[in-house]
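Next come the chains, spelled out residue by residue.
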Amino acid sequence: MVAVDHVSFSVQRGESFALLGPNGAGKTTIVKMLLDFTPPTAGTLTINGISSKQAASRASVGYLAENCRIPPHLTGWRYLLRCAELLNIRNDEAVEQCRRIVEKIGMQGREHAEASTYSKGMLQRFGLGAALVGNPQLLILDEPTAGLDPIGIREIRQILEELKNQGTTIFLNSHWLSEVEKICDHAAIIHRGRLLVKDKISSLVREGDTLEDVFIRYVKG
Amino acid sequence: MSKSRAAVLNIAKYTMADVARQKSFLVILAVSVLFVFLARGCYHGNYMVNGRELEAAAVVGMVSKMTFQVIAALAMMVAALLSMRVFKRDRDEGMQACIFSKPITRRQYLFGKVFGLWLLSSFLMFALHAAVFVTVLLELHAAVPSYLGASLLCTVNLLFAVISVCFFSLMMPDVAAFLLSMGIGVTSFLMDGVFAISYSPMARAMMKGWGIPEELTGWKIVYYLWPKIFGSQRFAAMFIHGERPGCDEMYPFLNIVIWCVAAGALLLWRFRKEEIS
């Protein structure tokens, strides 16, 4: 089965980019290939000019998986520290960075509880926290608001807007089109593994339309 | 410290921490401690054969050697048990996705995993051997330092168990991977037995009577190439009482070292194709 076929696009530094598509369109496969989780049968993917097959391409990448999981016996704090250690961040700097991240994701007071006690939304927040460790230049987020309540969604959006203003490149996979419209400035729509369109959201959305209308128009042909 | 080495050590550290807190590991630890505690009793008794009391030193030597072999075999089983779910656990708990989204290569991840499991199982085996060493020292006031050296030599078997189970677990259910690795060990033990028996005068006479040629070349090739787990253990045990191993006794140890390298290469090749989720 071909999951992604002849898809070619680039995301510029500092862009907030959304990859849109219905379920099974190949969005997650693209993300997995970008991180070398799945090797592509043909074609190339690069991050900062480095092939995604090389680990160095992930040196300044933060990744939040759809349905983020954390080992149940670890506390959120230990999980963040592990992420910092894996990036070779010095201990005192790692502690300071993790403390700031816990504050940013709004999990103060819960960071020393075991992950087995966390709700789905809390896991998602710590997952986002883990993606922020090391101040990545590129943030790849696969359905970051999955499982979050409306307050959580708004908080995540605020964090992403803040990161966007700081110049972080955001690559977002999401079904939440109203949020995408607020966060991203560029979008691509893929369907059945093929790229249908890639452009500025402001160019895609005609007057009186929403991104949802555009999405439906393209996907339904 | 280089970034690559730091990544391997970090992953090894996480592996040991995650495995050591598993209930199965704690149960294994408790059973092992109980075994050593019970083995203590062997050093208290008087042994009689045909109404004559055996010399204590001879008995202690034999018991120590047997305990050494049993502990080494148990440790191999423990290493296989600890290794069989290591990838599945990392995948299910999201650690693989977390690790591979960082600049960590698959080779570093595998080295870290194997190193962590090997270190933990080696530590367990060494601790049990050390407990026997201390028991002999306290009960009989006799120190056998080579006992601990022999224990270290046996760790090569644990490395083979860890690598083989990890490799098989990528292709089959975890329990099947464990059983297959144990099967290799048991076959090695049986082959050594059959090989030794086949060289007895009685077996040779029987083979002659049945018309079986004495030089079974194909069988010998399989015998020599098969992972010589038991032979390697026997090689290590020779050092306990200062026996000098010859080339024949050294071969099983080299055989296992070569198997570790080959199985490691296979594991790396197979894991490169693995999809991370």
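Residues numbered from 1 in each chain as written. Chains lettered and ligands numbered in written order. Predicted model: local features only at pLDDT ≥ 70, side-chain atom pairs only at ≥ 80, totals over all residues. Heavy atoms only, no water.

Caption draft 1: View of the overall build of chain B. Each helix and strand counted, chain B has 12 helices and 2 strands in total. N-terminal to C-terminal, the α/β element order of chain B is α-α-β-β-α-α-α-α-α-α-α-α-α-α. In the form shown here, chain B has an accessible surface area of approximately 13900 Å², with 72% of it arising from carbon and sulfur atoms. Placing the 25 positive and 16 negative side-chain charges of chain B at their respective mean positions leaves the two points 8 Å apart. (Helix = DSSP H or I, 4+ residues; strand = E, 2+ residues; numbered from the N terminus. Areas by Shrake-Rupley, 256 points an atom, 1.4 Å probe, with all protein chains shown as cover. Lys, Arg positive; Asp, Glu negative; His and termini not counted. Charge placed at Lys NZ, Arg CZ, Asp CG, Glu CD.)

Caption draft 2: Highlighting the sheet that holds strand 6 (residues 169-173) of chain A. All names here are of chain A. If you trace the 6 strands from one edge of the open sheet to the other, you get 4-5-6-1-7-8, paired in mixed fashion. In this open sheet, the two strands that pair with only one neighbour each are strand 4 (61-64) and strand 8 (194-200). Across the sheet, the mean angle from the axis of one strand to that of its neighbour is 15°, orientation sign disregarded. Here strand 5 (residues 138-142) runs beside strand 6; their pairing, made up of 5 bridges, is parallel. Bridging across to strand 6, Ile140 finds its partner in Phe171. Against the sheet, helix 1 (residues 27-34) contacts strand 1 (16-20), strand 4, strand 5, strand 6 and strand 7 (186-191), and its axis sits at roughly 140° relative to strand 6. Strand contacts of helix 5 (residues 150-165): strand 1, strand 5 and strand 6, with the helix running at about 155° to strand 5, the strand carrying the most contacts. (Pairing = 2+ DSSP bridges. Axes fitted to C-alpha atoms, helices over the stretch in contact; angles between N-to-C directions. Contact = heavy atoms within 4.5 Å.)

Caption draft 3: Inspection of the packing of aromatic side chains at higher detail. All names here are of chain B. Inspection of the entire model under this criterion finds 21 aromatic pairs over all chains. Seen in terms of ring centroids, Tyr224 and Tyr251 are 6.0 Å apart; in terms of plane orientation they differ by 70°. Their pairing is edge-to-face. Taken as a pair, Tyr224 in helix 10 (residues 217-225) and Tyr251 in helix 12 (residues 247-272) lie far apart in primary sequence, 27 residues in all. Its relative accessible area of 37% is what places Tyr224 among the partly exposed residues. Residue classification places Tyr251 among the partly exposed positions, given a relative accessible area of 29%. Across from the ring centre of Phe271, 5.9 Å away, lies the NZ or CZ of Arg106, which sits over that ring. One residue, Lys228, lies across the ring of Tyr223, its end atom 3.6 Å from the ring centre. (Phe/Tyr/Trp six-rings, centres within 6.5 Å; stacked < 30°, edge-to-face > 60°. Buried < 20%, exposed > 50% of the residue type's maximum accessible area, 1.4 Å probe, protein only. Lys NZ or Arg CZ within 6 Å of the ring centre and 35° of its normal.)

Caption draft 4: Looking closely at the packing of helix 2 (residues 76-86) of chain A against helix 1 (residues 3-20) of chain B. Here helix 2 of chain A crosses helix 1 of chain B at 155°, and the two axes come no closer than 10 Å. When the axes of helix 2 of chain A and helix 1 of chain B are compared, the pair comes out roughly antiparallel. On helix 1 of chain B, the residues that touch Arg82, Glu85 and Leu86 of chain A of helix 2 of chain A are Asn10, Ile11, Lys13, Tyr14, Ala17 and Asp18 of chain B. When grouped by side-chain class, the residues that make up the contact of helix 2 of chain A with helix 1 of chain B number 4 nonpolar, 1 polar and 4 charged. (Parallel < 35°, antiparallel > 145°, perpendicular 65-115°, else oblique. Nonpolar A, V, L, I, M, F, W, Y, C, P; charged D, E, K, R; others polar.)

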